[in-house]
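A structural walkthrough
If you want the building blocks of each chain, they are given just below.
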Amino acid sequence: MNFSSEKSINAVTCPICQKVLTEPMSLDCGHSFCQDCITAESQSGDPLGLECFCPVCQSTYQPWNLRFNWELAERVKKFREVDKSSQQLRRRDLCEHHGENYDIFCKDDGKAICRLCVQEHQGHQMSPIMEVVKECQEKLQEALKKLSQEQQEAEQLEADINEERATWK
């Protein structure tokens with residue numbers, strides 16, 4: 001399931017508290033809310049609690065007729081898993097000590113550092129990380145070109161050997 005679209009995020013968001021749903025409950029009209037949110041909404045409406053109005057479409061419902069939405073609960077669970085893993089990936093791109101982006105590459109230590117780590121690498125040879133990335137990409141392209149040439153030469157040698165074998169037979 002793709003949770004990157006606004007529509008998908010809205011599907012797991014409570015219209016009352018505007019947070020990711022917890023224990024999603026559905027009304028007869030089809031709208032879903034956090035159990036705590038809709039319960040509080042029901043109690044603040046009709047003092048007898050006989051008839052309440054959906055906060056989204058204003059259709060009537062009876063508070064005792066709320067249903068737990070298992071399908072939506074499963075969607076919320078998956079959303080939380082995806083969100084958690086994407087946060088972990090984002091954290092990996094940040095400095096463990098300072099929480100800053102890696103902007104600089106320390107060539108002496110061979111690692112990316114943030115601007116606050118520069119003090120710990122005094123006297124080391126450093127470059128902006130984007131320059132180092134560009135250099136590495138160029139080196140990779142050269143290596144790829146060399147390997148492609150060597151592969152062509154190997155294929156030509158193989159063809160020559162196969163041709164020579166055929167003449168021997």
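Preceding block: the structure.
All of the points below concern the structure found in this document. (Residues numbered from 1 in each chain as written. Predicted model: local features only at pLDDT ≥ 70, side-chain atom pairs only at ≥ 80, totals over all residues. Heavy atoms only, no water.)

**Digging into a negative patch on the surface**
Among the surface-exposed residues, Glu131, Glu135, Glu138 and Glu142 lie close enough to one another that they form a single negatively charged patch. Along the chain, Glu138 falls in helix α4 (residues 129-168). On the basis of relative accessible area, Glu138 is assigned to the partly exposed category, the value being 43%. (Patch = residues over 30% accessible without salt bridge, like charges linked within 9 Å, V, L, I, M, F, W, Y side chains within 5 Å. Areas by Shrake-Rupley, 256 points an atom, 1.4 Å probe, with all protein chains shown as cover. Salt bridge = Lys/Arg side-chain N within 4 Å of Asp/Glu carboxyl O. Lys, Arg positive; Asp, Glu negative; His and termini not counted. Charge placed at Lys NZ, Arg CZ, Asp CG, Glu CD. Helix = DSSP H or I, 4+ residues; strand = E, 2+ residues; numbered from the N terminus. Buried < 20%, exposed > 50% of the residue type's maximum accessible area, 1.4 Å probe, protein only.)

**Re the environment of Phe53**
As for its placement among the helices and strands, Phe53 is situated in strand β3 (residues 52-53). Classification of Phe53 by relative accessible area gives partly exposed; the value is 46%. Between the C-alpha atoms of Phe53 and Pro63, which are 10 residues apart in sequence, the distance is 9.5 Å. Ignoring anything within four residues of it in the chain, the contact list for Phe53 reads Gln58, Ser59, Thr60 and Tyr61. (Contact = heavy atoms within 4.5 Å.)

**Overview of the sheet that holds strand β6 (residues 104-106)**
If you walk across this open sheet you meet the three strands as β7-β6-β8, and the pairing is antiparallel. The two strands at the open ends of the sheet, each matched to only one other strand, are β7 (111-113) and β8 (126-128). For this sheet, the mean angle separating the axes of adjacent strands, direction not counted, is 35°. Pairing of β6 with β7 involves three bridges; the strand directions are antiparallel. Bridge pairing in β7 places Cys106 opposite Lys111. Where α4 meets the sheet, it contacts β6, β7 and β8, and its direction lies at approximately 90° from that of β8. (Pairing = 2+ DSSP bridges. Axes fitted to C-alpha atoms, helices over the stretch in contact; angles between N-to-C directions.)

**Some remarks on the nonpolar core**
Cys14, Leu21, Leu27, Phe33, Ile38, Tyr61 and Leu66 are the most contacted members of the largest nonpolar core, which has 16 residues in total. Listing elements by their share of this core, those giving two or more residues are β2 (32-34), α2 (35-44) and α3 (70-92). In terms of residue count, α3 provides more of this core than any other element does, three residues in total. Dropping the residues within four chain positions of it, Leu66 is found in contact with Met25, Ser26, Leu27, Ile38 and Tyr61. In terms of nonpolar packing, the next biggest core, distinct from the first, is built from six residues, Cys95, Cys106, Cys114 and Cys117 among them. (Core = buried A, V, L, I, M, F, W, Y, C linked by side-chain atoms within 4.5 Å.)

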